[in-house]
Amino acid sequence: MSKGTIVSVSGPLVTASGMESANIQDICRVGRLGLIGEIIEMRDDVASIQVYEETSMVGPGEDVETTGEALSVELAPGMISQMFDGIQRPLDEFMEMTNSNFLERGMTIAPLNRDKKWEFTAEVEAGTEVSAGDIVGTVQETNVIEHRIMVPFGMKGKIKSISNGTFTIEEPLYVLETENGDKELTMMQKWPVRRGRPIKTKLNPEEPLITGQRVIDTLFPVAKGGAAAVPGPFGAGKTVVQHQIAKWADVDLVVYVGCGERGNEMTDVINEFPELIDPNTGESIMARTILIANTSNMPVAAREASIYTGITIAEYFRDMGYSVAIMADSTSRWAEALREMSGRLEEMPGDEGYPAYLGSRLAEYYERAGKVVTLGSTERLGSITAIGAVSPPGGDTSEPVTQNTLRVAKVFWGLDSSLAQRRHFPSINWLNSYSLYSNDMNKYVGKKLDVDWDGMVTHAKALLQDESELQEIVRLVGVESLSEKDRLKLVVARMLREDYLQQNAFDDVDTYTSRNKQYEMMQTILYFEEQSIRAMDLGSYYDEIIEGTEDIRERIGRMKYISEEELVKIQEIRTKTKSDIQTVLEKGGVESDA
Amino acid sequence: MPSKIGVVGDKDSVLAFKMIGFSVFFASEAKETRRIIDNLADKNYGVIYLTEQLAEMIPETIKRYDAKMKPAIILIPNHAGSRGIGKKRVQENVEKAVGQNIL
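Scope of this entry: the structure provided in the associated data block. (Residues numbered from 1 in each chain as written. Chains lettered and ligands numbered in written order. Predicted model: local features only at pLDDT ≥ 70, side-chain atom pairs only at ≥ 80, totals over all residues. Heavy atoms only, no water.)

A few words on the overall build of chain B. Across its full length, chain B holds five helices and four strands. Its C-alpha atoms give chain B principal-axis dimensions of about 35 × 35 × 25 Å. In chain B, which comprises 103 residues, the proportion classed as buried is 35%. When contacts within chain B are restricted to residue pairs at least 6 apart in sequence, long-range pairs at least 24 apart make up 59% of them. Accessible surface, chain B: about 6,400 Å² in total, of which carbon and sulfur atoms supply 56%. Distance from the positive charge centre (16 side chains) to the negative charge centre (12 side chains) of chain B: 5 Å. (Helix = DSSP H or I, 4+ residues; strand = E, 2+ residues; numbered from the N terminus. Buried < 20%, exposed > 50% of the residue type's maximum accessible area, 1.4 Å probe, protein only. Contact = heavy atoms within 4.5 Å. Areas by Shrake-Rupley, 256 points an atom, 1.4 Å probe, with all protein chains shown as cover. Lys, Arg positive; Asp, Glu negative; His and termini not counted. Charge placed at Lys NZ, Arg CZ, Asp CG, Glu CD.)

As structure tokens, this is what we get:
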């Protein structure tokens, strides 16, 4: 390949002349150190290259060499439980090779282990006609994930030979007889990160993603194949929400992209995840997690790439027929990386200095989520659920990143610093958050549980809405001015808030709530309301009800700590509620309807 | 909107109110009284006269309607004589309304 010469260096942006044979999006080796960079702009023979590594000590006159390849990821067994940087370099091997805790420059490391042998089981026989996306065999990568080896995109033909055995990812696995002659294929595929992997058709998402987080599953559910945004000011708990979903969501695989956030947050993941047991499979959560880390002190340009690397890996597993969730924490840092590059390229800035194409880039990313029918002759369904944290400065969600995200994400979990200060976690504000999947998802859950879940959720939402209006009156003229019915409403709404929506991520039992338990809990609170209103209609006073149900209300408050195996106990609370209310009625002498 | 006036008490004391056209209800113990008062409050009664003897038995109910505009519960003595609490309540309410005891 031809060599160019560096003309100027400006942070992560290097311009080089004499690059007429290079193409946009080519990967280059920059300077004596051989830093990895990508061409993002071409003018005549001058290429602008964003360099994924620190560029100090690189100066004009040094060589730039293009590799002629686009930025790609290697897709093969060996990815799961690994931690990669933004351009898919495995970080622990990096540390071993460089003997340093920081990124040394100019290193070339194979993304995946070339020496490890994988046990391959063929699923098709020689002589079978296969096309792109067809599964030729499987590798049991971890206890929970069976890595399905697919025919790469663009390949079609008859399998000439294939056999079981152990192979490395580079050894030829099977021979495909194509129109252009025989091709030896390996486990490994390469895919350019900026292009979405092809699919057959996109479907409407209809199944909810169960996260075990009550406020999310009940009030603002996200569909498998949907996209959600979690904006929130500092300290409101974006990262904990993301971690919780990564831990407990009922997906087959989680790709967690730590993008420009604190390094300790990734450390938390590494420390906590291996110890946690996935309730759906009974195996360690790490066995279904892939981490991509570009923490705040790592090069800015690689941050821009990390999101694409993550989603490409997610797409690869989706193509196998898995449901995948990808968390990006946080997309604001990613947008800031775009802004930095755009500024150095001297492009015309848009809102708040973000490039004018911010919206289309965000949309490009979120649109790669979805529920799809994959390529291949057998009908496989896969989905990617994208959940992106957004950190709007000052918590003001009218800024461009949040707004552009909301345009494409159908779910909005607005975190609220005032809730966080009141120690209400997860601090998702129930008044301004929304989910456009709510109706479909609630009906789906209702059908599954055979109850009127939609009605219950709507009622609970209405109660919370009424509460905020009543609170306003109370703030003006005091609680005495409310009617007894309204005061009871306040009590029930408070129960919903404190006993249902609040959830402790650090409590062993409370951290995950199954769908059944959510139903039982919600049912208990609404039953309390129903019984109290009945008592009131029969003539009991508010004070009497409050006094008579003190004990039962406390038990309702503690029901979130009842473990999944003992759901009968929650039903017992309901029986007790009924008898306690009956006692109140008898005491007030209004037991009959007469 | 016109409201009605009700009288609640033991038979001997309140029967005479029927002559003036008030609705008269008889009660002799707490639960019964409470039910009647709650009932009247629901039914557009603006003023309820209640004998002091009965009022003493149901302080909670009386307190409950103190905070409301309607009905006004006015305590009256019964045939056995006054206990003084009715007058005291009037004085208290006057004090609350004008700021000092002018009676």
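All names here are of chain A. Taking 1.5 Å per residue as the helical rise, helix H5 (residues 300-319) with its 20 residues ought to reach 28 Å, and the 30 Å between its terminal C-alpha atoms agrees with that figure. At serine 306, H5 shows its maximal kink, close to 25°. The buried count for H5 comes to 20 of 20 residues, which makes it a mostly enclosed element. Just downstream of H5, glycine 321 is the residue with a positive phi angle, here 105°. (Expected span 1.5 Å × (residues − 1). Bend = angle between axes of the 7 residues up to and from the residue.)

This paragraph deals with the sheet that holds strand S1 (residues 3-10) of chain A. Across a sheet, paired strands are connected by hydrogen bonds in the backbone, their directions being either parallel or antiparallel. All names here are of chain A. Spatially, the six strands close up into a barrel ordered S1-S2-S5-S4-S3-S6, and their pairing is antiparallel. Neighbour-to-neighbour, the strand axes of the sheet open up by a mean angle of 45°, direction not taken into account. Pairing of strand S3 (residues 26-30) with strand S4 (residues 35-43), which is carried by four bridges, proceeds in the antiparallel orientation. Its bridge partner being in S4, cysteine 28 is matched across the sheet by glycine 37. (Pairing = 2+ DSSP bridges. Axes fitted to C-alpha atoms, helices over the stretch in contact; angles between N-to-C directions.)

Before going further, it helps to spend a moment on the interface of chain A and chain B. The accessible area lost on association of the parts is a frequent measure of interface size. With 10 residues of chain A at the interface, the matching set in chain B holds seven residues. Summed over both partners, the interface of chain A with chain B buries about 790 Å², with 39% contributed by carbon and sulfur atoms. A per-residue breakdown of the area chain A buries against chain B is headed by A:Glu484, A:Tyr541 and A:Gly589, which together make up 57% of the total. Remark: the boundary between chain A and chain B carries two salt bridges. Between A:Glu484 and B:Arg64 there is a salt bridge whose closest N-O contact spans 2.5 Å. Taken together, chain A and chain B are joined by five residue pairs in polar contact (both at pLDDT 80 or more). (Buried area = accessible area lost by both parts, 1.4 Å probe. Salt bridge = Lys/Arg side-chain N within 4 Å of Asp/Glu carboxyl O. Polar contact = N/O pair within 3.5 Å; in protein donor to acceptor, adjacent residues only side chain to side chain.)

Attention shifts here to the pattern of salt bridges. If the charged atoms of two oppositely charged side chains come close together, the side chains can form a pair. One pass over the full model with this rule turns up 42 salt bridges over all chains. Measuring nitrogen to oxygen at the nearest pair gives 3.1 Å for the salt bridge that ties A:Glu336 to A:Arg333. Of this pair, A:Glu336 and A:Arg333 both sit in helix H6 (residues 331-344), three residues apart, which is roughly one turn of that helix. Where A:Glu566 meets A:Lys569, a salt bridge forms, and the shortest distance between an N and an O atom there is 3.5 Å. The network of salt bridges with common partners includes A:Glu484, A:Glu544, B:Arg34, B:Asp38 and B:Arg64.

Residue and element names in this part refer to chain A. Here S3 folds back onto S4, and the loop between the two strands holds four residues, one of which, glycine 31, carries a positive phi near 75°. Two elements, S4 and strand S5 (residues 46-51), share six bridges in a ladder whose sense is antiparallel. In the sheet register, methionine 42 faces S5, and the bridge partner there is alanine 47. In sequence, S4 turns back onto S5 through a hairpin of two residues, with aspartate 44 there showing a positive phi of about 50°.

The next subject is the sheet that holds strand S1 (residues 4-9) of chain B. All names here are of chain B. In space, the four strands of this open sheet follow the order S2-S1-S3-S4, with parallel pairing throughout. The open sheet has two free edges, formed respectively by strand S2 (23-26) and strand S4 (72-76), since each of these has just one partner strand. Between one strand and the next, the sheet's axes are offset by a mean angle of 20°, whatever the strand orientation. In this structure, S1 lies alongside strand S3 (residues 45-51), joined through five bridges in parallel fashion. Paired with lysine 4 across the two strands is tyrosine 45, which belongs to S3. Each of S1, S2, S3 and S4 is contacted by helix H2 (residues 30-42), which is oriented at about 160° to S3, the strand it contacts most.

Residues and elements named next belong to chain A. With respect to burial, strand S20 (residues 253-259) is a largely interior element, seven of its seven residues being buried. What you see with S20 is no split at all: Leu253, Val255, Val257 and Cys259 on one side and Val254, Tyr256 and Gly258 on the other are buried throughout. Both S20 and strand S21 (residues 289-294) contribute to a ladder of six bridges, which runs parallel. Within S21, the residue paired with tyrosine 256 across the bridge is leucine 291. Each parallel crossover has a hand, and the one from S20 via helix H4 (residues 263-272) to S21 is right-handed. (Right-handed = clockwise from strand over helix to strand, strands pointing away.)

Most peptide bonds take the trans configuration, and most residues that are not glycine carry a negative phi. Residue and element names in this part refer to chain A. With an omega of 5°, the peptide bond between aspartate 329 and serine 330 qualifies as cis. One can find serine 330 in the loop between strand S22 (323-329) and H6. Omega for the peptide link from phenylalanine 425 to proline 426 comes to -10°, which places this bond in the cis form. In this fold, proline 426 is placed in the loop between helix H9 (417-421) and strand S26 (434-435). Positive phi outside glycine occurs at glutamine 88, with the angle close to 60°. Residue glutamate 346 is not a glycine yet carries a positive backbone phi of 60°. With respect to the helices and strands, the residue glutamate 346 is situated in the loop between H6 and helix H7 (358-367). Taking the relative accessible area as the measure of exposure, glutamate 346 reaches 71% and is therefore exposed.

We now examine the packing of H7(A) against helix H8 (residues 400-408) of chain A. Residue and element names in this part refer to chain A. Here H7 crosses H8 at 45°, and the two axes come no closer than 9 Å. In this view, H7 runs oblique relative to H8, as classed from their interaxial angle. Handedness of the H7/H8 crossing: right-handed. Between H7 and H8, the residues in contact are Leu358, Gly359, Leu362, Ala363, Tyr366 and Glu367 and Pro400, Val401, Asn404, Thr405 and Val408, respectively. (Parallel < 35°, antiparallel > 145°, perpendicular 65-115°, else oblique. Left-handed = near helix turned anticlockwise from the far one by under 90°.)

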